[in-house]
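Each chain, written out:
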Amino acid sequence: VQLQASGGGLVQAGGSLRLSCAASGRTFSSYRMGWFRQAPGKEREFVAAIRWSGGDTYTAASVQGRFTISRDNAKNTVYLQMNSLKPEDTAVYYCAAGRNWPRVDYWGQGTLVTVSS
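So, how was this worked out
By convention here, each chain's residues receive numbers from 1 onward along its written sequence. A pLDDT threshold of at least 70 governs which residues receive local features in this predicted model, and a stricter bar of 80 or more applies before side-chain atom pairs are shown or counted, although totals over entire chains, interfaces and linings include all residues. By convention in this description, side-chain values take in all heavy atoms of the structure and omit both hydrogens and water. Segments assigned H or I by DSSP are reported as helices when at least four residues long, segments assigned E as strands when at least two residues long, and all are numbered from the N terminus. This radius of gyration counts C-alpha atoms alone. The globule rule is 2.2 Å times how many residues there are, raised to the power 0.38. For every residue, the accessible area (1.4 Å probe, protein chains only) is compared with the maximum for its type, and the residue is labelled buried under 20%, exposed over 50%, or partly exposed between those bounds. Two residues qualify as a contact provided that any one of their heavy atoms is within 4.5 Å of a heavy atom in the partner residue. Each accessible area is a Shrake-Rupley result for a 1.4 Å probe, and residues are judged covered by the shown protein chains and nothing else. We score Asp and Glu as negative and Lys and Arg as positive, and we do not count His or the chain ends. By convention, the point assigned to a charge is CZ for Arg, NZ for Lys, CD for Glu and CG for Asp. Two strands form a pair only when DSSP identifies at least two bridges running between them. Each axis is a line fitted through C-alpha atoms, taken for helices only over the stretch in contact, and angles between the N-to-C directions span 0 to 180 degrees. Pairing of aromatic side chains requires ring centres within 6.5 Å, counting the rings of Phe and Tyr and the six-membered ring of Trp. Pairs whose planes differ by under 30 degrees are stacked, by over 60 edge-to-face, and all others tilted. Among buried residues, the Ala, Val, Leu, Ile, Met, Phe, Trp, Tyr and Cys ones that are joined through side-chain atoms within 4.5 Å form a nonpolar core.

(A) Inspection of the overall build of the protein at higher detail. The secondary structure content of the protein amounts to zero helices and ten strands. The order of α-helices and β-strands along the protein, N terminus first, is β-β-β-β-β-β-β-β-β-β. A globule of 117 residues ought to have a C-alpha radius of gyration of about 13 Å, and the protein, at 13 Å, matches this closely. Seen through its principal axes, the protein has C-alpha atoms that stretch 40 × 25 × 25 Å. Buried positions account for 43% of the 117 residues belonging to the protein. Considering only intrachain contacts with a sequence separation of at least 6, the fraction spanning at least 24 residues in the protein is 53%. Total accessible area computed for the protein in this model is approximately 5900 Å², and 44% of it derives from carbon and sulfur atoms. The averaged location of the 7 negative side-chain charges in the protein is 5 Å from the averaged location of its 13 positive side-chain charges.

Set out below in structure tokens:
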């Protein structure tokens, strides 16, 4: 199983980025896919998740209204659209998959998002 995250980078406050997570190696139809982030010196925290089958979404209060999670079944890819970025969004973002969310069965490598003020 592989979760390949991409799309991180450096952006100014107020800007946007879109993260992608390409999943492979098994069928994820019974899984939730999501994103966590970890800022320097802080615990890893939940950001957003989506049910692969059905598309129900869950978003942390800290990013509601700014971040949107979506999926493309044909591409086996989950996206995190991040708008109105703030310096406090700076973190390494990790893609994750879990059958019994919030327990994570698979982690992707992180992608760094840096928001400058």
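(B) Geometry of the sheet that holds strand 8 (residues 77-82). Read across the open sheet, the four strands follow the order 1-3-8-7; overall the sheet is antiparallel. On the outer flanks of this sheet lie strand 1 (2-6) and strand 7 (67-72), each paired with one strand and no other. Pairwise comparison of adjacent strand axes, ignoring direction, gives a mean angle of 15 degrees for this sheet. Alignment of strand 3 (residues 17-24) against strand 8, held across six bridges, turns out to be antiparallel. Bridging across to strand 8, serine 20 finds its partner in tyrosine 79.

(C) Representation of the packing of aromatic side chains within the structure. According to the stated counting rule, one finds eight aromatic pairs in the structure shown. Ring geometry for phenylalanine 28 and tyrosine 31: centres 5.4 Å apart, planes at 75 degrees, overall edge-to-face. Tyrosine 31 shares its class with phenylalanine 28; the two are buried. Plain terms: the ring middles of phenylalanine 28 and tyrosine 106 are 6.4 Å apart, the flat faces sit at 80 degrees to each other, and that makes the pair edge-to-face. Taken together, the residues phenylalanine 28 in the loop between strand 3 and strand 4 (32-38) and tyrosine 106 in strand 10 (residues 106-116) connect sequence positions 78 residues apart. For phenylalanine 28, a relative accessible area of 2% translates into the label buried. A relative accessible area of 24% means that tyrosine 106 is categorised as partly exposed. By way of ring pairs, the aromatic residues Phe36, Phe46, Tyr94, Trp101 and Trp107 are connected into one cluster.

(D) Focus on the nonpolar core. One finds Met33, Trp35, Leu80, Met82 and Tyr93 to be the most contacted residues of the largest nonpolar core, which totals 30 residues. Going through the elements one at a time, strand 1, strand 3, strand 4, strand 5 (45-51), strand 7, strand 8, strand 9 (91-98) and strand 10 are the ones with two or more residues in this core. When sequence neighbours within four positions are dropped, the list of residues in contact with methionine 33 reads Leu3, Ala23, Phe28, Ala48, Ala49, Ile50, Trp52, Ile69, Val78, Ala96, Ala97 and Trp101. Phe36, Ala96, Trp101 and Val104 belong to the second largest nonpolar core, which has five residues in total.

(E) Structural view of the environment of lysine 86. Relative to the helices and strands, lysine 86 resides in the loop between strand 8 and strand 9. The spacing of lysine 86 and alanine 13 is 73 residues in sequence and 5.0 Å in space, taken between C-alpha atoms. Not counting chain neighbours up to four residues away, the residues in contact with lysine 86 comprise Arg66 and Val115.

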